[in-house]
Amino acid sequence: MDNIKPRVKVPKSASAGEVITIKTLINHPMESGLRKGKDGKLIPRQIINKFTCEFNGKPVFSCELEPAISANPYIEFSAKVNEAGTFKFSWLDDDGSVYETENKIAIK
Amino acid sequence: MNLTRRQMLCASVGAAAAGVFGFSLSASAAPEATAESIKNFAGGKEPAMGGDLTLTTPEIAENGNTVPIEVSVASPMTDDDYVESVVIYAEGNPNPDVAVFHFTPMSGAAEAKTRMRLAKTQNVVAVAKTSKGQVFMDKKEVKVTIGGCGG
């Protein structure tokens, strides 16, 4: 799908060993597959079914989403930062697309 | 058509409610289905109620389309003792599965927040599994207000 823009909030820097909070939001209709359109037919399901977060290539957090997650899925979680590096976030769509974004973090 | 501001408001609230309502009209999952899923997730273990797991939900959700929820598990989150996953179920939704959060020792804290859909007033259940095989459960009732127009 077009016009999908992931947004992520990560602190610019953290002290070594600090546990930081990461907030993510992506605009997506999360069509549940249970709603009917104007023509009375079911609108096919299309949701983000998986979200993952990696830090320097190592998994930090991941999440499997079902149609019961609201449109524009918002996910907030924590991560422990031991070294400077890059967070990589990916969202997997039912149609096979992958939306990705990256954020760097420095050590104070 | 010449709508007054009040009519316009009611119409739009009604439309929003219809969205939630359409969701609730389809067959809803019985609590048994949730119990069955919990059994599979826990690997046959009986989950301990409460314990280190806290599920935070609003008592009353005005809009069933976006209900903020939060789970947190008190855990040292070290390499040999951490929370592996937390699963969320909504007993009264057409499909009780909501989300599964997977944590690692790199997560630092087993906490997550998101927003979910609720078809009607029902129980929301969270079950956590630790790397040591402990299973915790927490349950909260959320009242969902459907319909609008000053009702």
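Residues numbered from 1 in each chain as written. Chains lettered and ligands numbered in written order. Predicted model: local features only at pLDDT ≥ 70, side-chain atom pairs only at ≥ 80, totals over all residues. Heavy atoms only, no water.

Draft legend 1. Region of the structure containing the overall build of chain A. Counting secondary structure elements, chain A contains zero helices and eight strands. Along the chain direction, N to C, the helices and strands of chain A fall in the order β-β-β-β-β-β-β-β. Considered along the principal axes of its C-alpha atoms, chain A spans approximately 55 × 20 × 20 Å. Looking at chain A residue by residue over its 108 residues, the buried ones come to 44%. Pairs at least 24 apart in sequence give 59% of the contacts found in chain A among residues at least 6 apart. Carbon and sulfur atoms provide 48% of the accessible area of chain A, an area that totals close to 5500 Å². The average position of the 16 basic charges and that of the 14 acidic charges among the side chains of chain A differ by 6 Å. (Helix = DSSP H or I, 4+ residues; strand = E, 2+ residues; numbered from the N terminus. Buried < 20%, exposed > 50% of the residue type's maximum accessible area, 1.4 Å probe, protein only. Contact = heavy atoms within 4.5 Å. Areas by Shrake-Rupley, 256 points an atom, 1.4 Å probe, with all protein chains shown as cover. Lys, Arg positive; Asp, Glu negative; His and termini not counted. Charge placed at Lys NZ, Arg CZ, Asp CG, Glu CD.)

Draft legend 2. How the structure looks around the packing of aromatic side chains. For the structure on display, the rule yields nine aromatic pairs over all chains. Each member of the aromatic cluster is reached from another via a ring pair, and the members are A:Phe51, A:Phe55, A:Phe61, A:Phe77, A:Phe87, A:Phe89, A:Trp91, B:Phe101 and B:Phe103. It is B:Arg115 that lies over the ring of A:Tyr74; its NZ or CZ is 4.5 Å from the centre. Here the basic side chain of B:Lys129 rests over the ring of B:Phe41, its NZ or CZ set 4.7 Å away from the ring centre. (Phe/Tyr/Trp six-rings, centres within 6.5 Å; stacked < 30°, edge-to-face > 60°. Lys NZ or Arg CZ within 6 Å of the ring centre and 35° of its normal.)

Draft legend 3. Examining the interface of chain B and chain A more closely. With 26 residues of chain B at the interface, the matching set in chain A holds 28 residues. When chain B packs against chain A, the two sides together hide about 2300 Å² of surface, and 52% of this comes from carbon and sulfur. Ranking the residues of chain B by area buried against chain A places B:Met106, B:Arg115 and B:Arg117 at the top, with a combined share of 30%. For the pair chain B and chain A, the number of links is one salt bridge. (Buried area = accessible area lost by both parts, 1.4 Å probe. Salt bridge = Lys/Arg side-chain N within 4 Å of Asp/Glu carboxyl O.)

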